[in-house]
Amino acid sequence: LSPYLSIPDLTMMKTAILAALISSAAAFAPAQQKAVTSTALNAEMSKSIPFLTAPKNTAGWVGDVGFDPFGFSDYFDMKWLRESEIKHGRISMMATVGFVMQQYWTIPGMTHVDDSNLAPAAAGLSSMLQIVFYVGILEFWTNKGNVTMETMFEDSSRVPGEFGFDPMGLAVGKSQDEMEKLQLQEIMNGRLAMLAIGGMIHHNWVTGDALF
């Protein structure tokens, strides 16, 4: 430093240098960290997976427990996803009953097998193709030809899973709350059945034995 600078001048220079250093350090500070942390803490967590945030697009749907670990609801139409879940649940409920019945009862004219996993092979290709063909026609007819995800719900009034099939009149005279209770029962039983039929099939695969 120059010997001609006075003490007040030196003090002012040190103050200016210190202020410049503080300003430079502040430029590299994580200014958004507090806001990000606050947002993360305020996000609603999933009921079924507490360490993940709840999916926003499933809110309000009957049976929602915040379970969407792969984020399907962020990329696909929720109506299409709901109908897919309902249909798979209904098929699985019938499949669990059929899987057990196959072991004890056989359709006349068909070959009996104890292991239900062998039933498709015992029935033969033609029988299995008939099932696929019939289900395809049924799917096409119930959706009026709109069988893709892009066109299936062009009619905004169409409710996923509702096809006017109620031969026992279970929905007759029901209030909205009562209908939602029935819908929840179907969805929960369908979810359980999807797990159950998977367990039954893998039991027979792993053990090589019949279910019972």
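Preceding this section is the structure that the text describes.
All values derive from a computational prediction rather than experimental measurement.

Chemist: Is there a simple way to explain empty space enclosed by the protein in this structure?
Modeler: In total, this model carries one cavity of 30 Å³ or more according to the counting rule given. As for the largest cavity, its lining consists of Glu85, Ile86, Gly89, Arg90, Met93, Glu186, Ile187 and Gly190. Every element with two or more residues in the lining of the largest cavity is listed here: α3 (78-104) and α6 (176-207). Among the elements that make up the lining of the largest cavity, the one with the highest residue count is α3 (five residues). The residue inventory of the lining of the largest cavity, partitioned by class, reads three nonpolar, two polar and three charged.

Chemist: So what exactly am I meant to see when it comes to a nonpolar patch on the surface here?
Modeler: A grouping of Val97, Met101, Tyr104, Trp105, Ile107, Met110 and Phe212 is seen on the molecular surface, where their side chains present a nonpolar patch of about 800 Å² in accessible area. Here Val97 shows up in helix α3.

Chemist: Explain the layout of surface pockets here, please?
Modeler: If a probe the size of a water molecule is rolled over the atoms, the empty space left behind becomes visible. In this structure, the second largest pocket occupies an estimated 700 Å³ of space. Surrounding the second largest pocket, 22 residues form its lining, Phe67, Asp68, Phe72, Glu85 and Arg191 being those nearest its centre. Looking at the lining of the second largest pocket element by element, the count peaks at six residues for α3. Tallied by class, the residues present in the lining of the second largest pocket amount to 11 nonpolar, six polar and five charged.

Chemist: Can you walk me through the packing of aromatic side chains in this structure?
Modeler: Here the distance between the centres and the angle between the planes together describe a pair of aromatic rings. Under the criterion given, the structure shown has three aromatic pairs. Plain terms: the ring middles of Phe70 and Phe72 are 6.0 Å apart, the flat faces sit at 35° to each other, and that makes the pair tilted. Judged by relative accessible area, which is 44%, Phe72 ranks as partly exposed. By way of ring pairs, the aromatic residues Phe70, Phe72, Phe76 and Trp80 are connected into one cluster.

Chemist: I would appreciate a short explanation of the side chain of Arg158 in the present structure.
Modeler: On the secondary structure map, Arg158 appears in the loop between α5 (125-142) and α6. Arg158 sits in the buried class, given a relative accessible area of 15%. Engagement of the side chain of Arg158 in a polar contact is seen with the side chain of Asn143, the distance being 2.6 Å. At a separation of 3.3 Å, a polar atom in the side chain of Arg158 contacts the main-chain carbonyl oxygen of Met152. Setting aside residues no more than four positions away along its own chain, Arg158 makes contact with Lys79, Glu83, Asn143, Met152, Phe153 and Phe163.

Chemist: Would you mind going over the pattern of salt bridges with me for this structure?
Modeler: If charged atoms from side chains of opposite charge come close, those side chains can pair. Taken as a whole, this structure holds seven salt bridges when the rule is applied. Arg82 is the salt-bridge partner of Glu85, the closest N and O atoms lying 3.4 Å from each other. Linking Glu85 with Arg82, this pair stays in helix α3, spanning three residues, or about one helical turn. Glu85 sits in the partly exposed class, given a relative accessible area of 21%. Residue classification places Arg82 among the buried residues on the basis of a relative accessible area of 8%. For Glu85, the salt bridge goes to Arg191, with nearest N and O atoms at 2.5 Å. With a gap of 106 residues between them, Glu85 in helix α3 and Arg191 in helix α6 connect regions that are remote in the sequence. Through salt bridges with shared partners, a single network forms among Glu83, Lys87, Glu139 and Arg158.

What counts and how
Here the residue numbering is sequential within each chain, running from 1 through the sequence in written order. The model is predicted, so local features are restricted to residues of pLDDT at least 70 and side-chain atom pairs to those at 80 or more, both for listing and for counting; the totals for chains, interfaces and linings are taken over all residues. By convention in this description, side-chain values take in all heavy atoms of the structure and omit both hydrogens and water. Cavities and pockets were defined on a 1 Å grid built over protein atoms only: a cavity is a set of grid points that admits a 1.4 Å probe from which the probe cannot escape, a pocket is an open set flanked by protein on both sides within 12 Å along at least five of seven lines, and lining residues are those with an atom within 4 Å of any such point. Grid points are joined across faces, edges and corners, and a volume is the space filled by probe spheres set on the points. Numbering of helices and strands runs from the N terminus; a helix is a DSSP stretch of H or I covering at least four residues, while a strand is a stretch of E covering at least two. Gly falls in the polar group here, along with every residue not listed as nonpolar (Ala, Val, Leu, Ile, Met, Phe, Trp, Tyr, Cys, Pro) or charged (Asp, Glu, Lys, Arg). Every patch collects residues that have over 30% relative accessible area and no salt bridge, joining them within 9 Å if they carry like charges and within 5 Å if they are nonpolar side chains (Val, Leu, Ile, Met, Phe, Trp, Tyr). All accessible areas in this document rest on Shrake-Rupley with a 1.4 Å probe, and a residue is counted as covered only by the protein chains that are shown. Salt bridges are counted wherever a side-chain nitrogen of Lys or Arg sits within 4 Å of a carboxyl oxygen of Asp or Glu. Centres within 6.5 Å are what make two rings of Phe, Tyr or Trp a pair, Trp counting through its six-membered ring; a difference in plane orientation under 30 degrees is then read as stacked, over 60 as edge-to-face, and the rest as tilted. Exposure categories follow from relative accessible area, calculated using a 1.4 Å probe and restricted to protein chains: below 20% of the type maximum is buried, above 50% is exposed, and the middle band is partly exposed. In the analysis that follows, any N or O atom pair within 3.5 Å is treated as a polar contact, provided that within protein one partner can donate a hydrogen and the other can accept it, and provided that, for residues neighboring in sequence, both atoms belong to side chains. Any two residues whose heavy atoms approach within 4.5 Å at even a single point are treated as in contact.

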